[in-house]
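Close look at the chain arrangement
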Amino acid sequence: MTDVLAVTEHRRGELRDVSYEIITAGRQLADETGGDLHLAVISGTVDEFAEKCNREGVDAIHTVSHGEEFNHDVYTQAITQLYDELAPQYVLTPNSVNGLDYAPAIANALDLPVVTDTIDLETDGETLIATREMYGGKVETTNELEGPAVATIRGAEWPAAEGTGDASLEAFDADIDEDSVGSTVNGFEEVGGGDVDISEADVLVSVGRGIEEEENIPLIEELADALDATVSSSRPIVDNGWLPKNRQVGQSGKVVTPDVYIAIGISGAVQHVAGMKGADTIVAINTDPNAPIMDIADYAIHDDLFDVVPALTEEFGG
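Residues numbered from 1 in each chain as written. Predicted model: local features only at pLDDT ≥ 70, side-chain atom pairs only at ≥ 80, totals over all residues. Heavy atoms only, no water.

The line we're drawing: UniProt positions are given in the numbering used here, feature names are shortened, and annotations may be inferred rather than shown by experiment.
The name an unreviewed UniProt entry assigns to the protein chain is Electron transfer flavoprotein subunit alpha, from the organism Natronorubrum tibetense GA33. Heading Sequence similarities (unreviewed entry) of the UniProt record for the protein chain holds this comment: "Belongs to the ETF alpha-subunit/FixB family."

Below you can see the structure in the form of structure tokens.
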């Protein structure tokens, strides 16, 4: 029987969606190994976060109360000490900016192999089989890791854990060496259009090269206002400088999982689809009925966006 240790993630006082998805991934692995799923909650309002993460499938939650925001050195020390205490077979972290910051450091400190950006995990005896995508999502590869290992999971590939669990809640007294903590978060300052985090939006109105000109972007913004939605885009819009980088959806942008994703004038390249395929409902508006985005859409509107968008704006804004 071997256990799994999964690490949650929060930012600016809020748990990220991947914290609930990593519970599902960890539970699946623990079921295969016959072990328990341990959850690590580090920094911030740990008791509040632990209560929110106490969902079905979690056996134990370990809180480390140290600081308010993510810190590389604190996370690395806390997780390696938890590993020494619990001796899990696998350590799972989000494949996020933060997760990719500390996961390799943990693997190095523990002398374990690490595999990143996984979209599926399963075991075969003592072997971890990790599935990853390559070449812009056109090819899937399997990687076999023998023995204990560290893996980062891509957001939106596992469903969020639900229900109320009965995990034991345990405060872990990590021995943090303050002399080894090389940085501290003193505050946040929004720059370069950073007023919006599209990964947190419930409804996204996303625009692609079909909008033709920058002068037509307000057409999309008016629809977003009518829907109380957030504007996002495909890469060409950002490359043209029509919207800031933080609005870009896709492999080179952000992975989003809104309730509704409205793709307007977006063809649906694999790089873009990889960033939004986890949306609950996808609506596509395109003049090309054979555009790839139409194949994955729940609702496909084969028409000119310059006719459809104003009609939708009038319908929902009236």
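1. Remarks on helix H2 (residues 46–53)
Because the α-helix completes a turn every 3.6 residues, residues three or four places apart line up on one side. Quick note on the threshold: Any residue under 20% of the maximum accessible area for its type is buried, any over 50% is exposed, and the rest in between are partly exposed; the area is computed with a 1.4 Å probe on protein chains only. In this description a helix means any DSSP run of H or I spanning at least four residues, a strand means any run of E spanning at least two, and both kinds are numbered starting from the N terminus. Directions drawn from the helix axis to the C-beta atoms are what define this arc. In this description, contact between two residues means that some pair of their heavy atoms is separated by no more than 4.5 Å.
Looking only at H2, the buried set comprises Val46, Phe49, Ala50 and Cys53. Along the axis of H2, the buried residues cluster in a sector spanning 100 degrees; they form a single face. Away from its buried face, by an angle of more than 90 degrees, H2 presents the exposed residues Asp47 and Glu51. Where H2 is buried, its residues touch strand E2 (10–11), strand E3 (14–15), helix H1 (18–33), strand E4 (37–42), strand E5 (60–64) and strand E12 (168–171).

2. A few points about the side chain of threonine 93
Mapped onto the secondary structure, threonine 93 falls in strand E6 (residues 90–94). Using a relative accessible area of 0% as the deciding quantity, one classes threonine 93 as buried.

3. Observations concerning the pattern of salt bridges
Test applied: Put simply, a salt bridge is a Lys or Arg side-chain nitrogen that is within 4 Å of an Asp or Glu carboxyl oxygen.
On inspection of all chains with the given rule, the structure shows 13 salt bridges. The salt bridge partner of arginine 11 is glutamate 9, with a shortest N-O separation of 3.2 Å. Note on glutamate 9: relative accessible area 4%, which makes it buried. Arginine 154 is the partner of aspartate 117 in a salt bridge, and the nearest nitrogen-oxygen pair spans 3.0 Å. Highlighted residues: aspartate 117 in strand E7 (residues 114–118) and arginine 154 in the loop between strand E11 (149–153) and E12, separated in sequence by 37 residues. One exposure class covers both aspartate 117 and arginine 154, and it is buried. One continuous salt-bridge network, built from bridges that share partners, spans Asp117, Glu133, Arg154, Glu157 and Lys277.

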